[in-house]
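Survey of secondary and tertiary structure
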Amino acid sequence: MFPLLRLLLVTLLLWLPFAATAQDSVAPAVIAPEPDPVVRRLDDGSPDYQTWEKLAGRVEDALEVGRASDVVMQDLRAELTAWRQAFGEAQAANAVRINTLETQIATLGPPPAEGQTEPSILTQRRDELTTRLNEARVPVQKAEEARGRANALVGEIDSLLRNRQTDLLFELGPTPVNPATWPGAVEDVTDTLRGAVVEVQNAWGSETQRAELKRILPAVIGLGVIGALLVLRGRAWMVRIGLRVRRRSKGATQGVLMFLTSLGQVVAPLLGLFALLAALEASGVIGLRGQYLADTLAITLLLFFAALWLGTRVFGAAGAPWAVLNLKSAAERAEGRFNAAVLGVLYGLSRGLGELGAYEDYSAETMAVLSFPLLLGAGLLLVRLGRLIRRSGELEETPEEGSLGFRAGMMKMLGRVLVAVGYLGPLAAAIGYVQMAQTVLFPTALTLWVLGLLLVLNQFYTNLYGLVTGADEEAAHLALTPTLASFVTGLAALPVLSLIWGARWTDLTELWTTIGQGVQIGETVLTPRALLTFVIVFVVGYSLTRVVQGMLKSSILPRTKLDKGGQNAITSGLGYVGIFLAALVAITAAGINMSSLAIVAGALSVGIGFGLQNIVSNFVSGIILLIERPITEGDWIEVGGQMGYVRDISVRSTRIETFDRQDVILPNSDLISGVVTNYTRGNSVGRVIVPVGVAYGTDTRRVEKILKEVAEAHPMVTVNPSPSVVFQGFGADALEFEIRAILRDVNYVLSVKSDMNHEIARRFAEEGLEIPFAQRDIWLRNPEVLTGNRPAGQAADTPIASSTPAATSAPDTSGLDVTDMYSSTDPEGEADD
């Protein structure tokens, strides 16, 4: 890394000696740029409509004739755009004055109806204000009419340019495979090279130029050497730095650092190209043709390094963990990197050829012949890339089920499209549709590069999220934040893709202008700026509300004497009020006139009222719960057959946690209109009832004493009121008693009941008391059916005949009459049989 830094520092030092000279030579071009279209204005600042009329007439004549060049039409469009903006400003010039006059007229009230009179002073004042209002509206209406005309003329120019672009796309030109056109193309290229050499000879023949070159020769040589080193070795140095980073880091940190260091593989050669171009320009030995050739070479090299970097990030390298596409073979990865790099070279040569051809005014035959090898190579590379991408999509299919995911399906489809374009593009160029081939092949390659860059950035966002949050690789891939960042980046790439596929920058600005005008609802205009203002103000207000809620909940309210339910009610109520105020302030800041939306809101409220009546009922019930607080968080309640603890009370529903650790969501309206049992409202004191049965004949007073001792001995039972034992009555099987005790905390009712039962069992065993259990005697009226219908008089040990001798049949109970069965209970708890 340090040799590279030292080399960059030397480059900067060598640049300084002749930087001032270079700045002097380019200063006039910087200080005096091409003037932008200027709108002539009158002394009061309003647009000069006479000048505008002349410009509009000139544009209409040019559109009617239709012979003006694209450059002229673009200049006229720029002037129209400037005037349109001025008219838009003029429309809002008298807005405050007009609003004031309208308010004054509204204050006077409507004119009297026919047959009615009013004081003459009111009529006179209303007429005066109406006249002033009409005078104030005249400039606004005039500007509105002129703006509409300018907007229409801009649309006509855009339509004309688009039609010309479409006609050029489908124009059949000379075929490049015709050998008769080859000598002319070779001659044109030879003339260009010969002219470049002549320019160098003429520049070198100037004594002044030679003296200037000798003065700055050390700096020129130094910049040239350093630029050549950076171009030839800069990428290799950055690769070495990346290998060091990969050995010394791991996980998300490794991914982020390797991505950042890999950018140096483009930056270092780019600095070298700047140094070489600066050296050539400072030497002054090249002319305009040489400058075109040097710029073409620089752009080609820049695109080569950029495409090679992107291909390395997408297809991967040996031992690299960052590959985006799933290719198993190292040869396929190397092929992908090679195809991407060479495609960048061909695109750079194509751009340079277009600029050089426009400068040299090459013929259509020469341009077709020179462009065809580039188009043929680009088509071949797209076919190879398409096959690799299809192969990657096939490898991402699930091998067990053969299912095809969305990503794999898109990659296979993209591969087929690339193969089709790679074959059809050169074929169209060979026929003579060279412009069509150029419009399809290279934009397809650029689109492929943009998609690859989006995938690389998505991987970078995932690694960056893992580095910041400390999440593992799987969690980072499933996180929402990197996905949202990739989605926003994809939206930002849409204008770039539209420019790649032939859209002009003016088309994008016109689209943004149309969007900026917004949508008018009544007297309110909803613009992107107003919506953005609304969102920002509302988010700020919402965040402040949450901060204040957190302060109250954690710092202020716990120091008061309010119970937990009251604290939650205050916090929730403050949240609702804060959100309402944030929305109100955001609407006001965005300039949205709610009065104009009242009719729309009224119409929607009718339909919404029927569809959302349950939600509104639950919302109102939630407000009532927060105000009256019949239940609070932490209460043990029973409602609608559901029993558990209240965990959360929201504006629509209440969440309770049952004793089975299950969450039950109850609508708030059920808590208001239904019967709710709150076991812990106000305090946690509650009663437990423990039923006990003893055998008949037991001393009841003795049982009562033992049970009371058991109840009083439990630590959870209160002393006052003391527990009681109730002799409930004479049951069918036992003498029935109940322990009734008040507990300090009813939440422990089950554990207390269990403890008492254990203690009762132990004491009864020690005292010799019996706890009876029910027994039943069953009498059968016809018991012979259980013996397999044995005939009367047959011995009991005689086997019963069976239709299947080899098998043992089960007793046949089909003849058993259940109506003949009856039971009896032994009151002593003893069985007869």
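Shown above is the structure to which this text applies.
Residues numbered from 1 in each chain as written. Predicted model: local features only at pLDDT ≥ 70, side-chain atom pairs only at ≥ 80, totals over all residues. Heavy atoms only, no water.

Notes on the overall build of the protein chain
The secondary structure content of the protein chain amounts to 25 helices and 12 strands. With 833 residues in all, the protein chain has 34% of them scored as buried. (Helix = DSSP H or I, 4+ residues; strand = E, 2+ residues; numbered from the N terminus. Buried < 20%, exposed > 50% of the residue type's maximum accessible area, 1.4 Å probe, protein only.)

Focus on the pattern of salt bridges
Across all of its chains, the model carries 27 salt bridges by this definition. In this structure, R77 engages E510 in a salt bridge whose closest nitrogen and oxygen atoms are separated by 3.0 Å. In this pair, R77 sits in helix α3 (residues 70-91) while E510 sits in helix α18 (residues 505-517), placing the two residues 433 residues apart along the sequence. Close ionic contact of E657 with R647 constitutes a salt bridge, the shortest N to O distance being 2.6 Å. Of this pair, E657 sits in strand β5 (residues 653-658) while R647 sits in strand β4 (residues 642-649), placing them 10 residues apart in sequence. Taking the relative accessible area as the measure of exposure, E657 reaches 15% and is therefore buried. (Salt bridge = Lys/Arg side-chain N within 4 Å of Asp/Glu carboxyl O.)

Points about the packing of aromatic side chains
A complete count under the given rule lists 19 aromatic pairs for this structure. A ring pair is formed by F727 and F737, whose centres lie 4.6 Å apart and whose planes are at 10°; its orientation type is stacked. With F727 in strand β9 (residues 724-730) and F737 in strand β10 (residues 735-743), this pair connects stretches of sequence that are 10 residues apart. Feature note: the residues Y49, W52, W83 and F87 constitute an aromatic cluster, connected by ring pairs. Between the NZ or CZ atom of K142 and the centre of the ring of Y49, over which it lies, the distance is 4.5 Å. (Phe/Tyr/Trp six-rings, centres within 6.5 Å; stacked < 30°, edge-to-face > 60°. Lys NZ or Arg CZ within 6 Å of the ring centre and 35° of its normal.)

Quick look at the side chain of N339
Within the element layout of this structure, N339 appears in helix α12 (residues 330-360). Relative accessible area serves as the criterion here: at 0%, N339 is assigned to the buried category.

A closer look at a nonpolar patch on the surface
A cluster of nonpolar side chains, contributed by L257, L260, L263, V267, L271 and F274, occupies part of the molecular surface with about 500 Å² of accessible area. When residues of the nonpolar patch are traced back to their parent elements, those giving at least two are α9 (251-262) and α10 (264-283). No other element matches the 3 residues that α10 contributes to the nonpolar patch. Mapped onto the elements, L271 comes out in helix α10. (Patch = residues over 30% accessible without salt bridge, like charges linked within 9 Å, V, L, I, M, F, W, Y side chains within 5 Å. Areas by Shrake-Rupley, 256 points an atom, 1.4 Å probe, with all protein chains shown as cover.)

Some words on the sheet that holds strand β8 (residues 686-694)
Spatially, 3 strands are ordered β8-β10-β9 in an open sheet, and the strand pairing comes out antiparallel. With partners counted over all chains shown, the strands left at the sheet margins are β8 and β9, one partner each. Strand-to-strand twist of the sheet, defined as the mean angle between neighbouring strand axes without regard to direction, takes the value 25°. Note that β9 and β10 share 6 bridges and pair antiparallel. Across the sheet, residue V726 finds its bridge partner in β10, namely E738. Seen against the sheet, helix α24 (residues 700-713) touches β8, β9 and β10 and runs at an angle of roughly 25° to β10. Across the sheet, helix α25 (residues 749-767) is in contact with β8 and β10; its angle to β8 comes to roughly 30°. (Pairing = 2+ DSSP bridges. Axes fitted to C-alpha atoms, helices over the stretch in contact; angles between N-to-C directions. Contact = heavy atoms within 4.5 Å.)

So, helix α14 (residues 406-431)
In a regular helix each residue adds 1.5 Å, so 26 residues correspond to 38 Å; α14 covers 37 Å between its end C-alpha atoms and thus fits that length. Residues A408, M411, K412, G415, L418, V419, V421, G422, G425, P426, A428 and A429 constitute the buried set of α14. Where the residues of α14 are buried, they touch α13 (364-395) and α15 (434-469). Directly beyond the C-terminal end of α14, a positive phi value near 135° is found at G432. (Expected span 1.5 Å × (residues − 1).)

Digging into the environment of S621
Within the secondary structure, S621 sits in helix α22 (residues 613-628). Remark: the alpha-carbon pair of S621 and S653, spanning 32 residues in sequence, is separated by 8.9 Å. For S621, the residues in contact, after removing those within four places along its chain, are N668, S669 and I672.

Here we look at the pairing of β5
Taken across its 6 residues, β5 has 5 buried, putting it largely inside the fold. The loop that links β4 with its antiparallel partner β5 comprises 3 residues. As paired strands, β5 and strand β6 (residues 663-667) are joined by 5 bridges and run antiparallel to one another. Note that in β6 the partner of T654 across the bridge is L666. Here β5 folds back onto β6 in antiparallel fashion, the turn holding 4 residues, of which R661 has a positive phi close to 60°.

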